[in-house]
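Secondary and tertiary structure notes
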Amino acid sequence: MELEDVKKRYPGADTFQMGDSAKLSKELLDLVRSGKKVATCTDPRDVESGKQTTPVVGKHDICLNWDGSPAFVIETLSLDHRKFKDVSEEFALAEGEDESLKGWQDSHAEYYRRNGGFDPDMMLICERFRVVEFFD
């Protein structure tokens, strides 16, 4: 399905991509498709810079494949603002990327170092979501 068609079906939906490379994006999208990934977190600096939009409970947004085509639509179920160091193991495991809180902390710290800097006291927007519709 074409992106413009999806935008018509979900008026007001913003688009976003997961990850910072084609490889990581595919891995994350595959975790969502498998049902293992039901949460994600956003760096507020990405919102401030315009790179991401602020998640809103109840809102539908379109997740894109790395090539810009629509992968699926999510609905935000809940949001929690917390410091990186205060992210719970339960939330980290809901992200589906690692098998422990320590693994999540290590991989996410490296991701944030690559993308603007890391500090254990940095705030994150922790989001739980459900997939509304898949496109591929």
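Look up a bit, the structure's there.
These remarks concern the structure in this document.

Conventions adopted
- Residues numbered from 1 in each chain as written.
- Predicted model: local features only at pLDDT ≥ 70, side-chain atom pairs only at ≥ 80, totals over all residues.
- Heavy atoms only, no water.
- Helix = DSSP H or I, 4+ residues; strand = E, 2+ residues; numbered from the N terminus.
- Rg over C-alpha atoms; globule rule 2.2 N^0.38 Å.
- Buried < 20%, exposed > 50% of the residue type's maximum accessible area, 1.4 Å probe, protein only.
- Contact = heavy atoms within 4.5 Å.
- Areas by Shrake-Rupley, 256 points an atom, 1.4 Å probe, with all protein chains shown as cover.
- Lys, Arg positive; Asp, Glu negative; His and termini not counted.
- Charge placed at Lys NZ, Arg CZ, Asp CG, Glu CD.

1. Notes on the overall build of the protein
Counting secondary structure elements, the protein contains five helices and five strands. The secondary structure elements of the protein, listed N-terminal to C-terminal, are α-β-α-β-α-β-β-α-α-β. Over its C-alpha trace the protein gives a radius of gyration of 14 Å, about what one expects of a compact globule, namely 14 Å for 136 residues. When the 136 residues of the protein are sorted by exposure, 40% land in the buried category. The contacts in the protein between residues at least 6 apart in sequence include a share of 75% that link residues at least 24 apart. Summed over all atoms, the accessible surface of the protein reaches about 7,100 Å², with 51% contributed by carbon and sulfur. Of the side-chain charges in the protein, 19 are positive and 28 negative, and the distance between the mean point of each set is 1 Å.

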